Amino acid sequence: MLVIIHLTKKFDGYTALEDVSLEVNDGEFVCILGPSGCGKTTLLRLAAGLDFPTKGELFLDGRRIVGVNNECGFVFQEYVLFPWRTVIGNIEFGPEMKGVRKDERNRIAQHYIDLVGLRGFENNYPHELSGGMKQRVGIARAYANNPKLLLMDEPFGALDAQTRNLMQGELLRIWEKEHISALFVTHSVDEAVYLADRIVVMSARPGTIKEIFNIDIPHPRIRTSQEANLIRDRVLKSLGTEIEHARNK
Ligand SMILES: Nc1ncnc2c1ncn2[C@@H]1O[C@H](COP(=O)(O)OP(=O)(O)OP(=O)(O)O)[C@@H](O)[C@H]1O
Ligand SMILES: [Mg+2]
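Residues numbered from 1 in each chain as written. Chains lettered and ligands numbered in written order. Predicted model: local features only at pLDDT ≥ 70, side-chain atom pairs only at ≥ 80, totals over all residues.

## With respect to the overall build of the protein
Looking only at helices and strands, one finds eight helices and ten strands in the protein. A globule of 249 residues ought to have a C-alpha radius of gyration of about 18 Å, and the protein, at 18 Å, matches this closely. Seen through its principal axes, the protein has C-alpha atoms that stretch 50 × 40 × 30 Å. Here the protein holds 249 residues, and 43% of them are scored as buried. Looking at the protein alone, contacts between residues at least 24 apart form 70% of all its contacts between residues at least 6 apart. (Helix = DSSP H or I, 4+ residues; strand = E, 2+ residues; numbered from the N terminus. Rg over C-alpha atoms; globule rule 2.2 N^0.38 Å. Buried ≥ 20, exposed ≤ 12 C-beta atoms within 10 Å, placed from the backbone. Contact = placed C-beta atoms within 7 Å.)

## Points about the nonpolar core
As a rule of thumb, soluble globular proteins bury nonpolar side chains together. Of all hydrophobic cores here, the largest spans 72 residues; its most connected members are Val-30, Leu-33, Ala-140, Leu-151 and Leu-183. Looking at this core element by element, the count peaks at seven residues for helix α5 (residues 131-144). Residues within four places of Leu-151 in sequence aside, it is in contact with Leu-44, Ala-47, Ala-48, Cys-72, Gly-73, Phe-74 and Leu-183. (Core = buried A, V, L, I, M, F, W, Y, C linked by C-beta atoms within 7 Å.)

## A word on the packing of helix α4 (residues 102-115) against α5
Packing of α4 against α5 leaves a shortest axis separation of 9 Å and a crossing angle of 140°. The pairing of α4 with α5 is recorded here as oblique in orientation. Between α4 and α5 lies a crossing whose hand is right-handed. Contacts between α4 and α5 involve Ile-108, Ala-109, Tyr-112, Ile-113 and Leu-115 on the former and, on the latter, Ala-140, Tyr-143 and Ala-144. When grouped by side-chain class, the residues that make up the contact of α4 with α5 number eight nonpolar, no polar and no charged. (Axes fitted to C-alpha atoms, helices over the stretch in contact; angles between N-to-C directions. Parallel < 35°, antiparallel > 145°, perpendicular 65-115°, else oblique. Left-handed = near helix turned anticlockwise from the far one by under 90°. Nonpolar A, V, L, I, M, F, W, Y, C, P; charged D, E, K, R; others polar.)

## Quick notes on the domain arrangement of the protein
According to the domain assignment, the protein consists of domain 1 (1-22 + 31-71 + 149-218 + 231-249) and domain 2 (81-146). Domain 1 and domain 2 are separated by 25 Å when their C-alpha centres are compared. Broken down by element, the residue count for the side of domain 1 that touches domain 2 peaks at four residues, all from helix α6 (residues 161-178). Each residue belonging to the side of domain 1 that touches domain 2 can be placed in one class, and the counts come to six nonpolar, two polar and two charged. (Domains from an automatic or database assignment.)

## Points about the site of ligand 1
Around ligand 1, the neighbouring residues are Phe-11, Ala-16, Gly-34, Ser-36, Gly-37, Cys-38, Gly-39, Lys-40, Thr-41 and Thr-42. The element that contributes the greatest number of residues to the shell around ligand 1 is helix α1 (residues 40-47), accounting for three residues. Taken together, the residues of the shell around ligand 1 break down into three nonpolar, six polar and one charged. (Near = placed C-beta within 6 Å.)

## Quick notes on the pairing of strand β4 (residues 55-60)
Of the strand pairs in this sheet, strand β1 (residues 2-11) and β4 are connected by five bridges, and their pairing is antiparallel. Bridging from a neighbouring strand, Ile-4 pairs with Leu-58 of β4. As judged from the two bridges shared by β4 and strand β5 (residues 63-64), these two strands associate in the antiparallel manner. Note on β5: the bridge partner recorded for Leu-60 is Arg-63. Counting the residues between successive antiparallel strands, the hairpin from β4 to β5 contains two residues, one of them, Asp-61, with a positive phi of roughly 55°. (Pairing = 2+ DSSP bridges.)

## Some remarks on the pairing of strand β10 (residues 209-214)
Two strands pair when backbone bridges link them, and strand β9 (residues 198-202) and β10 are joined in this way by five bridges, in the antiparallel orientation. Residue Met-202 lies in a different strand from β10, and its bridge partner there is Ile-209.

## Some words on the sheet that holds β1
If you walk across this open sheet you meet the four strands as β2-β1-β4-β5, and the pairing is antiparallel. Of all the strands in the sheet, just β2 (14-24) and β5 have a single pairing partner and so form its edges.

## Here we look at the sheet that holds strand β6 (residues 72-75)
An order of β6-β7-β8-β3-β9-β10 is seen for the six strands of this open sheet, with the pairing classed as mixed. Since the sheet does not close on itself, it has two edges, and those belong to β6 and β10, each with one partner. Averaged over neighbouring strand pairs, the angle between their axes works out to 15° when direction is ignored. Pairing of strand β3 (residues 29-33) with β9 involves four bridges; the strand directions are parallel. Bridging from a neighbouring strand, Val-30 pairs with Arg-198 of β9.

This is the structure in structure tokens:
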């Protein structure tokens, strides 16, 4: 699905990512963990075609990524909603750009409004919503675009713990049902162990891939199971070392 080969990204001589190679297979859920500033967002932006590599190549479904394409759905760290569009208007944006008919895109939007729990707020504008609600509009908008690949950058970071758990469950449901592949950045080891087929731990600056963990636990996972605890410990250790390094740099 997504193939990243020897990717290096520099900003004015500063190396943000160095020689990153990674594949996200068809239908696979990959989580990325790493210290702040190690290049996670940069990696997602490159996969989204929002920026270009200094060296290396990226492919989506065998085609080289050379710009933004509408086969990806993005959810970013900050809420990037269209302030002049209502909740439903925001969610309908992707299908609208693809030329989906009005009644059909309304049906799609209504479906995802229910899914993310925004019923009753369809006609509100972003400035009338709480942070968590805005984030849910962003998530619904990404899903409504029927993406092959979901690129998510800490999408649940601003949500309260309860909503976050709910959204994780919903994301898994959609992912399993719609056979989407996902590249998901998080700071939460818990979240990664709950969601991912594979966890990629990145090193401190410059960002490289330090270690990859396979998680073979079937869904739905029990967050406190012994297997989950074991893998969580290993990931925490790996990540902890990198966070230390990042501090001391
Ligand atoms: N457009 C840019 N111009 C210059 N430097 C940039 C740019 N975008 C990112 N950087 C730098 O690249 C490095 C990686 O940034 P990035 O946002 O990818 O980190 P991150 O891993 O997502 O961090 P966080 O966990 O805090 O979100 C940082 O040092 C950042 O300052
Ligand atoms: Mg980031």
